[in-house]
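Fold and contact review
What follows is the residue order along each chain.
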There are 4 protein chains.
Amino acid sequence: MDSRLRDTTPGWKERAYIIIFESDTHAGRLYDIVLLTVIVLSVATVMLDSVSTINAAYGAFLRVLEWFFTLLFTLEYLARLVVTRRKLAYAFSWLGIIDFLSTGPALAALVFSGGHYLLAIRTLRLLRMFRIFKLGKFVGEGEFIVDALKASRFKIMVFLTAVLTLTIVMGTLMYAIEGGEHGFTSIPKSVYWAIVTVTTVGYGDISPVTILGQTLASLLMVMGYGIIAVPTGIVSAQMAMPTRAAAAAAAAAIPTYKMAACQGCQATNHRPDAAFCWRCGQPL
Amino acid sequence: MDSRLRDTTPGWKERAYIIIFESDTHAGRLYDIVLLTVIVLSVATVMLDSVSTINAAYGAFLRVLEWFFTLLFTLEYLARLVVTRRKLAYAFSWLGIIDFLSTGPALAALVFSGGHYLLAIRTLRLLRMFRIFKLGKFVGEGEFIVDALKASRFKIMVFLTAVLTLTIVMGTLMYAIEGGEHGFTSIPKSVYWAIVTVTTVGYGDISPVTILGQTLASLLMVMGYGIIAVPTGIVSAQMAMPTRAAAAAAAAAIPTYKMAACQGCQATNHRPDAAFCWRCGQPL
Amino acid sequence: MDSRLRDTTPGWKERAYIIIFESDTHAGRLYDIVLLTVIVLSVATVMLDSVSTINAAYGAFLRVLEWFFTLLFTLEYLARLVVTRRKLAYAFSWLGIIDFLSTGPALAALVFSGGHYLLAIRTLRLLRMFRIFKLGKFVGEGEFIVDALKASRFKIMVFLTAVLTLTIVMGTLMYAIEGGEHGFTSIPKSVYWAIVTVTTVGYGDISPVTILGQTLASLLMVMGYGIIAVPTGIVSAQMAMPTRAAAAAAAAAIPTYKMAACQGCQATNHRPDAAFCWRCGQPL
Amino acid sequence: MDSRLRDTTPGWKERAYIIIFESDTHAGRLYDIVLLTVIVLSVATVMLDSVSTINAAYGAFLRVLEWFFTLLFTLEYLARLVVTRRKLAYAFSWLGIIDFLSTGPALAALVFSGGHYLLAIRTLRLLRMFRIFKLGKFVGEGEFIVDALKASRFKIMVFLTAVLTLTIVMGTLMYAIEGGEHGFTSIPKSVYWAIVTVTTVGYGDISPVTILGQTLASLLMVMGYGIIAVPTGIVSAQMAMPTRAAAAAAAAAIPTYKMAACQGCQATNHRPDAAFCWRCGQPL
């Protein structure tokens, strides 16, 4: 009985851990897919509940569903805490915090009505989806994108700083030129307009009216149109770069010199097929 | 007479099949071009008929044209069914279904007025255009694009999932921040706004009004402006990659020597198909 | 006197031709720059004249300027006709037609008021600017862009056809879904909306209101956001391709086989340093 | 005392110069970071002051802050003038002029109320941020972007000229087609619209209404959507090109054999620095 207990108890936690936290096994993958489905359903519930006509018709039913999903997520969060050995590490990891926020605050939000949109924070649990991508074909692809972005992060930061400075300067100029009566009521609002313009979003909620303002705006648009080439170029060039594996293969394909040193003069870098040392002429 | 019948009947169907379904022969190409012209004309008819002023003036004439084109497409559909041997395969192929929808439902739509815009489904027949692209110069080019997209499809799926999660999270946040009085009347509508923003479309039918909302929107815009680099980079890198054929040609151009040493002089780096040593002339 | 005349007359036309039509000489370049300045000034005049406040204040003066520039362009057109030997070829070339339209129709437009914006057609003369680009640094750069676009033209045509089919199908669907009361008053207008959306321009003059319409619009936006990667990828890949000169240099760097045939067996493709034939073992 | 003065006075200025103008030392870097923080704070003050509600509540306090920052910048400007030896070179450099404009005009703006947004010119001091980028990781990245843009500048100028000509021609056409009643009140305004459209910003403050206008606008959008590929392609191709250093390294990695034949055995492909034949060992 002693040995049965010893074998069973850790084995049960171990097995549960593998199912809940990992996705290498069949059961683990199934768990992840079920969980994702539940997350998608719970997010859909919150989204539908926010539509006033649907809320009026099915509000009570949706509220029950929200209670149900919140309960489910709470149980799941507790299960995760129980089965993992590194409880604190999990609780304070990004995913752990998001998991927690999908339970406690959600319950609070349900109790104090008016804040139930806080439930939507569980949308972030969808990020868990990327764990599934770790399986099969998606591994390399996801890593490829992340690697390219990571390798480009300094370039992108430099670029964003330049864009930010540009929008502050242009926003301030437009505030001076157009003024409040044309919607440029403050510098922050004008900077917001500059960002809307330089990113080519162009809502049109604020737009220049004076000739000078439109000229400056045109300049900003053309700059925005042109400088989008910079991040695109950065990432394209990064992605077009041979991957580490490919680079190694390419390096292997280039004929390399024989590195064994000549016994006479210690010279290296002989032709692969050299019979004599290129420096001292001694047979190799 | 027996042999004449045997020769003629299958020959007639065979020839019709080659004309209607294939486009390698002169007649087949001509058939495709005539068909495409008729499709373009019929689509133009439906489009013009939907313009109220034109409808008021030439409605009767356009209705006749629509009947005529529908009849023509019905006959063409029946002809296709007759001449092909794999009738079911055709009928349930994508092109077959589109061909069918251009006949039956169109007739129904004409009878029950008010739904005649269903005729526009025949626009999809324009996709047949790509079959013509299979000829001449377009073969490689079309395949090039499709290959690049196909090779990038997992990367693009990962990317789209990330963008979707981003828009749901941002949309929900904006719903909480801006609220219904500024147009963010529900989470689905806010997510729609987030998609409009992140793709830099920016209708301006909904736009943030509060300082916090505009700040968050600015962040989303800059992200959208930046992450467009990702699909572009993916496809650019894919297209910049040597095609399989080009890679094979390049590999063939690089001489790969046989490394086994000559037993006479120990020389290596022989041609892969060498029978004699290049240095001492001994048989390998 | 005879010889003086013979030498002078063709020499005068010849020299004028070199100045007016070519830009290799100092005088020719100066002529082009002066001409471009005059074109820019005349376009500016027409543009300013179209602004109602400026027109009210300086209309008479601007009208005199327009007469002056029109006269100048007419004289220049006649001069071009006189000095060139291939008069018809020039008159019916693109630049020749644009030059003509800057004179005759402009005069007509000035006489029949109300149509003086026809003068703006001379904006097209700015295209002459590209001739100046033929000088110095701009040669290679301009050719580089044009070459890349030319090499990509079939790919771009395939791409545009696909986009056009997409916008017609989506426009028709939106016409059926949203209908006239939300601005989608006809299929052509809905197709216009689809183009505004897929290109991420997004005026917002027409925008979907129903849930289904907004969902479909979101799909179209994401597609537009994604497929912009295709033309960008095409042109990037084309531009990243080694130029012909660079490719030749690269090919020269790859070690090639000795092509001289073996006198015994006519085998070629020997190692560059082979002493014996790889096929028959005979000394080379 | 003589030597003490000689050692101290220049030493003091020298040390101050290194701190204020350079950022290689620890103190210099600290100075830059403090200065940037002050610039950011002063810009934030001006921005907040422009928001009417904040201005109403904290206007007096913000005005005091603005006086304080202006005083600080004036002192810093004088300090820079004192410690540098090349006073004129600094005063008329770009950064020097911006530094000056952050003091004098700011004071003037504070005295003559209504123009205090001139203070915002100090936003340009943020450009100083790029000096900090000169440190560490950012060196290469910043230079990389600037190099790529510099190498592409002629291509980009050719491109921008083409886009400008296109927008003037299209703007004029739209002015003729749509006319003042649909917002195209003048040619400059129509050109502004064309720029808004071709850059895919699409405010929607002016948008075509007639069928012909919408058709032309659609054409312009598709062109804008397509030609954005050009600058992106230019920069991508430029960035994907191996940098000069990388190219040199790659070239060094490929063994370039000496082709001169050995006089003893006629062997070629010796190491470039070989003294003896690799095959027969004879001196070369």
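Keep in mind that what you see is a predicted model, and the values were worked out from it rather than measured.

Definitions and limits used
Residues numbered from 1 in each chain as written. Chains lettered and ligands numbered in written order. Predicted model: local features only at pLDDT ≥ 70, side-chain atom pairs only at ≥ 80, totals over all residues. Heavy atoms only, no water. Helix = DSSP H or I, 4+ residues; strand = E, 2+ residues; numbered from the N terminus. Buried < 20%, exposed > 50% of the residue type's maximum accessible area, 1.4 Å probe, protein only. Contact = heavy atoms within 4.5 Å. Areas by Shrake-Rupley, 256 points an atom, 1.4 Å probe, with all protein chains shown as cover. 1 Å grid on protein atoms, 1.4 Å probe; cavity = no way out; pocket = protein on both sides within 12 Å on 5 of 7 lines; lining within 4 Å. Points joined across faces, edges and corners; volume = space filled by probe spheres on them. Nonpolar A, V, L, I, M, F, W, Y, C, P; charged D, E, K, R; others polar. UniProt positions renumbered as here; feature names shortened; annotations may be inferred. Axes fitted to C-alpha atoms, helices over the stretch in contact; angles between N-to-C directions. Left-handed = near helix turned anticlockwise from the far one by under 90°. Phe/Tyr/Trp six-rings, centres within 6.5 Å; stacked < 30°, edge-to-face > 60°. Expected span 1.5 Å × (residues − 1). Bend = angle between axes of the 7 residues up to and from the residue. pLDDT = per-residue confidence, 0-100. Core = buried A, V, L, I, M, F, W, Y, C linked by side-chain atoms within 4.5 Å. Patch = residues over 30% accessible without salt bridge, like charges linked within 9 Å, V, L, I, M, F, W, Y side chains within 5 Å. Salt bridge = Lys/Arg side-chain N within 4 Å of Asp/Glu carboxyl O. Polar contact = N/O pair within 3.5 Å; in protein donor to acceptor, adjacent residues only side chain to side chain. Parallel < 35°, antiparallel > 145°, perpendicular 65-115°, else oblique.

With respect to the overall build of chain A
From N to C terminus, chain A includes 13 helices and 0 strands. With 284 residues in all, chain A has 46% of them scored as buried. Here the analysis covers contacts within chain A between residues at least 6 apart in sequence; of these, 52% occur between residues at least 24 apart. Carbon and sulfur atoms form 71% of the exposed surface of chain A, whose accessible area is close to 14000 Å².

Some words on the environment of Lys155(D)
Position of Lys155(D) relative to the elements: it lies in helix 9 (residues 153-178). A residue is classified by how much of its surface remains accessible, and Lys155(D), at 8% relative accessible area, is buried.

Section: empty space enclosed by the protein
Taken as a whole, this structure holds 5 cavities of 30 Å³ or more when the rule is applied. Roughly 130 Å³ of internal volume is contained in the largest cavity. Forming the boundary of the largest cavity are Thr200(A), Ile228(A), Thr232(A), Thr200(B), Ile228(B), Thr232(B), Thr200(C), Ile228(C), Thr232(C), Thr200(D), Ile228(D) and Thr232(D). Partitioned by chemical class, the residues of the lining of the largest cavity number 4 nonpolar, 8 polar and no charged.

Quick look at the UniProt feature "transmembrane region" (unreviewed entry) in chain A
Here the UniProt-annotated "transmembrane region" (unreviewed entry) positions come out as residues 30-48, 60-79, 91-119, 156-177 and 211-235 of chain A. Regarding residues 60-79 of chain A, the helix share stands at 100% and the strand share at 0%, and the terminal C-alpha atoms are separated by 29 Å.

Quick word on the packing of helix 2 (residues 26-49) of chain D against helix 3 (residues 52-83) of chain D
Residues and elements named next belong to chain D. One way to put it is that helix 2 packs onto helix 3 with a least axis distance of 9 Å and a crossing angle of 145 degrees. Our pair here, helix 2 against helix 3, has a crossing hand that is left-handed. Two secondary-structure elements touch here, helix 2 through Tyr31, Leu35, Val38, Ile39, Leu41, Ser42, Thr45, Val46, Leu48 and Asp49 and helix 3 through Ile54, Asn55, Gly59, Leu62, Arg63, Leu65, Glu66, Phe69, Leu72, Phe73, Glu76 and Arg80. Of the residues that constitute the contact of helix 2 with helix 3, the class distribution is 13 nonpolar, 4 polar and 5 charged.

As for the packing of aromatic side chains
Summed over the entire model, instances satisfying the criterion amount to 16 aromatic pairs over all chains. For the ring pair Phe68(A) and Phe69(A), a centre distance of 5.5 Å and an interplane angle of 55 degrees mean the geometry is tilted. Look at Phe68(A) and you get partly exposed, because its relative accessible area is 42%. Between Phe184(B) and Trp193(B) the ring centres are 5.2 Å apart and the planes differ by 70 degrees, which places this aromatic pair in the edge-to-face class. The exposure classification of Phe184(B) matches that of Trp193(B), with both residues buried.

Section: helix 3 (residues 52-83) of chain A
Residue and element names in this part refer to chain A. Over its 32 residues, helix 3 runs only 41 Å from end to end, short of the ideal 46 Å by more than 12%, given 1.5 Å per residue. Helix geometry: helix 3 is bent most strongly at tyrosine 58, by close to 85 degrees. Of the positions making up helix 3, those classed as buried are Gly59, Leu62, Glu66, Phe69, Thr70, Phe73, Glu76, Tyr77, Arg80 and Val83.

Looking at the confidence of the model for chain A
A low pLDDT score tells you not to read the predicted coordinates there in detail. A residue-level look at chain A finds 67% of positions with pLDDT of 70 or above and a mean pLDDT of 75. Across residues 243-259 of chain A the pLDDT falls below 50, and counting only partners more than four positions away or on other chains, this stretch makes 21 contacts in the model.

Some remarks on the nonpolar core
Within the largest apolar cluster, 168 residues are counted, with the highest numbers of intra-cluster contacts made by Trp193(A), Trp193(B), Trp193(C) and Trp193(D). Not counting residues within four places of it along the chain, the set of residues in contact with Trp193(B) comprises Tyr203(A), Met174(B), Phe184(B), Ile206(B), Ser207(B), Pro208(B), Ala217(B) and Leu220(B).

Points about a nonpolar patch on the surface
A contiguous nonpolar surface patch, about 300 Å² in accessible area, is contributed by Leu71(A), Leu75(A) and Leu78(A). Note on placement: Leu71(A) falls in helix 3.

Points about the side chain of Thr167(C)
Residues and elements named next belong to chain C. Structurally, threonine 167 can be placed in helix 9 (residues 153-178). Residue classification places threonine 167 among the buried residues on the basis of a relative accessible area of 1%. At 2.7 Å, the side chain of threonine 167 forms a polar contact with the backbone oxygen of leucine 164. Not counting the four nearest positions on each side in its chain, threonine 167 is found in contact with Val191, Ala194, Ile195 and Val198.

What about the environment of Ser207(D)?
Tracing the backbone shows Ser207(D) in the loop between helix 10 (187-198) and helix 11 (211-227). Residue classification places Ser207(D) among the buried residues on the basis of a relative accessible area of 12%. Separated by 30 residues in the primary sequence, Ser207(D) and Ile177(D) have C-alpha atoms spaced 12 Å apart. Beyond its immediate chain neighbours, meaning those up to four positions away, Ser207(D) contacts Tyr192(C), Tyr203(C), Asp205(C), His182(D), Phe184(D) and Trp193(D). Of note is the side chain of Ser207(D), whose polar atom sits 3.4 Å from the side chain of Asp205(C).

Considering the side chain of Ser218(A)
Relative to the helices and strands, Ser218(A) is located in helix 11 (residues 211-227). Excluding residues within four positions of it along the chain, Ser218(A) makes contact with Tyr192(D) and Ile195(D).

A short note on the packing of helix 10 of chain D against helix 11 of chain D
Residues and elements named next belong to chain D. Contact pair helix 10 / helix 11: the axes reach a minimum separation of 8 Å and the direction vectors enclose 50 degrees. Here helix 11 runs oblique to helix 10, going by the angle between their axes. Side by side, helix 10 and helix 11 meet where Trp193, Ala194, Thr197 and Val198 of the first sit next to Ala217, Leu220, Met221, Gly224 and Ile227 of the second. Of the residues that constitute the contact of helix 10 with helix 11, the class distribution is 7 nonpolar, 2 polar and no charged.

Details of unusual backbone geometry
All names here are of chain A. Although it is not a glycine, threonine 200 sits at a positive phi angle of roughly 60 degrees. Along the polypeptide, threonine 200 turns up in the loop between helix 10 (187-198) and helix 11. Residue threonine 200 is classed as buried on the basis of its relative accessible area, which comes to 5%.

A short note on the pattern of salt bridges
Applying the stated criterion across every chain yields a total of 20 salt bridges over all chains. With a shortest N-O distance of 3.2 Å, Arg85(A) and Glu14(A) are connected by a salt bridge. With Arg85(A) in the loop between helix 3 and helix 4 (87-91) and Glu14(A) in helix 1 (residues 2-21), this pair connects stretches of sequence that are 71 residues apart. Relative accessible area serves as the criterion here: at 38%, Glu14(A) is assigned to the partly exposed category. Among the ionic pairs, Arg80(B) bridges to Glu76(B), the shortest N-O distance being 2.8 Å. Here Glu76(B) and Arg80(B) lie together in helix 3 (residues 52-83), a separation of 4 residues that amounts to about one turn. For the pair Arg80(B) and Glu76(B), one class covers both residues: buried. Salt bridges sharing common partners tie together Asp49(A), Arg63(A) and Glu66(A).

Topic: the environment of Gly179(C)
Residue and element names in this part refer to chain C. Residue position: glycine 179 is located in the loop between helix 9 and helix 10 (187-198). It is 9.3 Å that separates the C-alpha atoms of glycine 179 and serine 190, two residues lying 11 residues apart in sequence. Excluding its chain neighbours within four sequence positions, the residues that come into contact with glycine 179 are Met174 and Phe184.

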